[in-house]
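Summary of structural features
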Amino acid sequence: MAGHMSKNIGILGSGNVGRVLANGLRGKGYSVEIGNRTAHAVAGWSGRVDMLAEVAERADMIILAVKGSAAEAVVSELEECLVGKTVIDATNPIADSPPVDGVVSLFTGQGDSLMERIQEINPRIHLVKALNSVGSSNMIDPDYEGLRPSMFICGNDLKAKEEVSHILSDIGWEVEDMGSARSARAIEPLCILWLLRGYLSDQWKHAFKLLK
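Below, the structure is looked at part by part. (Residues numbered from 1 in each chain as written. Predicted model: local features only at pLDDT ≥ 70, side-chain atom pairs only at ≥ 80, totals over all residues. Heavy atoms only, no water.)

Digging into the environment of methionine 51
- As for its placement among the helices and strands, methionine 51 is situated in strand β3 (residues 48–51).
- Residues methionine 51 and threonine 38, spaced 13 residues apart in sequence, show a C-alpha to C-alpha distance of 5.8 Å.
- Other than its neighbours up to four places away in sequence, methionine 51 contacts Gly35, Asn36, Arg37, Thr38 and Ala39. (Helix = DSSP H or I, 4+ residues; strand = E, 2+ residues; numbered from the N terminus. Contact = heavy atoms within 4.5 Å.)

This is the structure we're talking about:
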């Protein structure tokens, strides 16, 4: 655990995803703080909270856990703070329109992804897509009777993907590296399928498993 303590993880966003990941990673021995726009206290989190830029500046690694529609603006604002850092992109490009028959819409197209848009805004960050295809309540130590669910990741930087894979493994996932940032065009729409099953069954504990 001592090795983890030296890695300071900054979580940008204080909604359910940010809070769950902060508590879960701290429980695994990582040093964690949450950033939001006003440094306001976060219910259910007893650790440090600061402004987005301050947290991004201090962190060795970032988790982007803001609403998908805010992601591009946040990355633009924090441009210099993020350069050269590994950034886990946990966002989804979910449109504001309500689901129809349980199917949500994305504000990206088939030849596009939110991850690629973010990477284009700041090509000097080491972006890794992850944690977008499961609900927050099941992100840490998901329990399926001994079976580890799959977490699909992608990104252009191999070292960053390795770093993120270690963390995902620590919190209970089997990592499936799906290639470059372009692959987010396939990974992001998994949120549509994940949410559809939840809306239809009113159960939200499911996860994906790649059988090989």
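Side note on the pairing of strand β6 (residues 126–129)
- Pairing analysis gives four bridges linking strand β5 (residues 86–89) to β6, with the strands arranged parallel. Of the residues in β6, the one forming a bridge with threonine 86 is histidine 126.
- Regarding the hand of the β-α-β motif, the stretch spanning β5, helix α6 (residues 114–121) and β6 is right-handed. (Pairing = 2+ DSSP bridges. Right-handed = clockwise from strand over helix to strand, strands pointing away.)

Some thoughts on the sheet that holds strand β4 (residues 61–64)
- Here we have six strands laid out as an open sheet, ordered β3-β2-β1-β4-β5-β6, and parallel in their pairing. Edge strands, defined here as strands with exactly one partner in the open sheet, are β3 and β6. With strand direction ignored, the average angle separating the axes of adjacent strands in the sheet is 25°.
- Where strand β1 (residues 8–12) and β4 come together, four bridges link them in parallel fashion. Pairing of glycine 10 across the sheet is with isoleucine 62, part of β4.
- Contacts between α6 and the sheet are confined to β4, β5 and β6, with β6 contributing the most and set at about 175° to the helix. (Axes fitted to C-alpha atoms, helices over the stretch in contact; angles between N-to-C directions.)

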